[in-house]
Amino acid sequence: MLGLMMDTPLLISSLMIHAEKNFPEQEIVSVAADNPDHRYTFQDAFKRTRQLANALQSLGIQQGDRVGTLAWNDYRHFELYYAISCSGAICHTVNPRLFPEQLIYIINHAEDRVIFCDPMFVPLLENIHDQLESIEHVIVLTSENHMPASSLPNLLCYETLIAGESNEYEWPEFDEKTASAMCYTSGTTGNPKGVLYDHRSTILHAYAAALPDVFGISASDCILPIVPMFHVNAWGTIYAGPLCGSKIILPGSKMGDGETLQRLIESEQVTVSQGVPTVWLALLAYLEESGKQIPSLKRVITGGAACPAVIAQEMQEKHDVYVHVAWGMTEMSPLGTFNQFKPGMEDLEGDELLEAQLKAGRGVYGVEMKITDDDNNELPWDGVAFGSLKVRGPWVLSDYFKAEPGTTLEEDGWFETGDVATIDERGFMAITDRTKDVIKSGGEWISSIDLENTAINHPKVAEAAVIGVNHPKWTERPLLLVQAKEGEELSKDEILQWYEGKVAKWWIPDDVVFVDSLPHTATGKIQKFELRKIYKDYQLPDIDA
Ligand code: ADP
């Protein structure tokens, strides 16, 4: 027997309609390229979103068409998120920091019909335009008097495009499984792969993200997503914000700029913020050097890479900010786990507390997880056994875009994340490594993440990476790459001694290379594959040992 409840589809337009009705005066504040201090209300935003939906229609965009964006976090990108998806088209956020070949591949593979871009990315499109097969128009996200000179044909101005359009638009109703947005994975090996989100998965994810034990945001919060809107929907914040009625601060291209972040936090009274560890390190460094404070900030959420202990410690001790670790991936919309303590953990102290706080956290409702050995046998949740981490749930992908159907998941319907993890008795998962980053030494595994975290906790270390390099006897041995803090002198012996007593003796890196900087991906992660290429033939000392 079926239940007798309304069959209302879960559509992203419902978030917009809800927010405009219930929180019309709530603000969205942006650092836009042509206005570093832009501010308007949800009501203004959704009025312009309707104008934009009409403009998309005038451009001939139809349901199911892919519309590209190459843009930072600001109000126009926010409008694009809603207008594109809610009119039935697919908002394809393209990561502007990718290599030109990857951009060409992604845009052609998605068959984007038009692309909306920030003025600063026009030169990037000029370089590759003759290789883009499907783009009919490039629309620059600015007003007429800030339009850049360009050789691009069919260049349009965003403000001019929407100015002539009506702000009346009837949001269409369609199947909740209709595709809403897409994002390509960074493609560390092979070509990038497209993940295609739908309205249902997005709404369910937004509900989960807003829960008290997850982002825990409400209409009284002011959120500052420092995760790019071009990467996994800024972790769902752009949907969860309007769902809860939270004030939203969008930092534009100033994501890694401690000074701008501090200014925004202080002036807008930000309470919760999301970002990758590199962002927090930049903010902490600025606070240290400027002596400035961030008193309104209560919690930060860090994810995308392991969180160095120093972030959690400094945020707590110097700024009274609690750091929550979250874990997820593009294929998971992205949320998988969130670190919020359970009853019974209040008494944890010192190292035990820190260790528990730095784990990736427990499964968010909606994501089931398990760890397995090489034969797909499930491993115990004892905090010791580690294996391949697998997930399933309504906001986990079922196939990559245009991939042969049925080739993405394992036979039993689980998605293998490519991460290696432990899960403890309390259900807290901890990432041990990426399957491809783990260092295989003499048949045993060494966690590159543990070695990096130990290095970064050294007071003179700014950033560190550990990769496996070939070794005739042990197959691979760890090589540590270190960027010392500015003005600090750090020797090889000093950093290697630092490991003693902190990790197993045989884990200690065989050699250290001091570097001026480490290469990062568009989302602030260290590009280990780049480092592996550079140090492919690295000769370790004492190779006969
Ligand atoms: P990419 O496009 O680089 O794959 P994702 O955001 O999809 O970008 O990356 C997901 C991966 O990032 C995860 O599989 C995991 O390896 C890593 N990651 C995410 N969050 C954490 C975390 N809290 N701790 C350690 N690693 C993490």
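Here goes a summary of the coordinates provided. (Residues numbered from 1 in each chain as written. Predicted model: local features only at pLDDT ≥ 70, side-chain atom pairs only at ≥ 80, totals over all residues. Heavy atoms only, no water.)

**Structural notes on the nonpolar core**
- Counting residues in hydrophobic clusters, the biggest one holds 144 residues, and the most contacted among them are F78, Y82, F116, L125, F215 and M315.
- Take this core: its biggest share by element is 8 residues, from helix α3 (residues 75-86).
- Residues I446, L496, Y499 and V512 belong to the second largest nonpolar core, which totals 17 residues. (Core = buried A, V, L, I, M, F, W, Y, C linked by side-chain atoms within 4.5 Å. Buried < 20%, exposed > 50% of the residue type's maximum accessible area, 1.4 Å probe, protein only. Helix = DSSP H or I, 4+ residues; strand = E, 2+ residues; numbered from the N terminus.)

**Observations regarding the site of the ligand**
- In the vicinity of the ligand lie 16 residues, with S186, T330, D419, R434 and K525 positioned nearest.
- Note that an oxygen atom of the ligand is positioned 2.5 Å from one of the side-chain N or O atoms of R434.
- Burial of the ligand by the surrounding chains reaches 89%, relative to a free accessible area of 570 Å².
- Elements supplying a minimum of two residues to the shell around the ligand: β14 (322-328) and β20 (428-434).
- Per-element accounting of the shell around the ligand gives the leading share, 4 residues, to β14.
- When the residues that make up the shell around the ligand are grouped by side-chain class, the tally is 7 nonpolar, 6 polar and 3 charged. (Near = heavy atom within 4 Å. Polar contact = N/O pair within 3.5 Å; in protein donor to acceptor, adjacent residues only side chain to side chain. Areas by Shrake-Rupley, 256 points an atom, 1.4 Å probe, with all protein chains shown as cover. Nonpolar A, V, L, I, M, F, W, Y, C, P; charged D, E, K, R; others polar.)

**Details of the pattern of salt bridges**
- Taken as a whole, this structure holds 31 salt bridges when the rule is applied.
- Here R392 makes a salt bridge to E368, at a shortest N to O gap of 2.9 Å. Of this pair, R392 sits in strand β18 (residues 387-392) while E368 sits in strand β17 (residues 368-372), placing them 24 residues apart in sequence.
- On the basis of relative accessible area, R392 is assigned to the partly exposed category, the value being 33%.
- On the basis of relative accessible area, E368 is assigned to the partly exposed category, the value being 41%.
- The partner of D437 in a salt bridge is K528, with the nearest N and O atoms 3.8 Å apart. A residue pair is termed long-range when its members are at least 10 positions apart, and D437 in the loop between β20 and β21 (439-441) and K528 in helix α15 (residues 528-534) qualify at 91 residues.
- Overall, the relative accessible area of 11% leaves D437 in the buried class.
- Taken together, the shared-partner salt bridges connect D34, R48, R76, E79 and E159 into one network. (Salt bridge = Lys/Arg side-chain N within 4 Å of Asp/Glu carboxyl O.)

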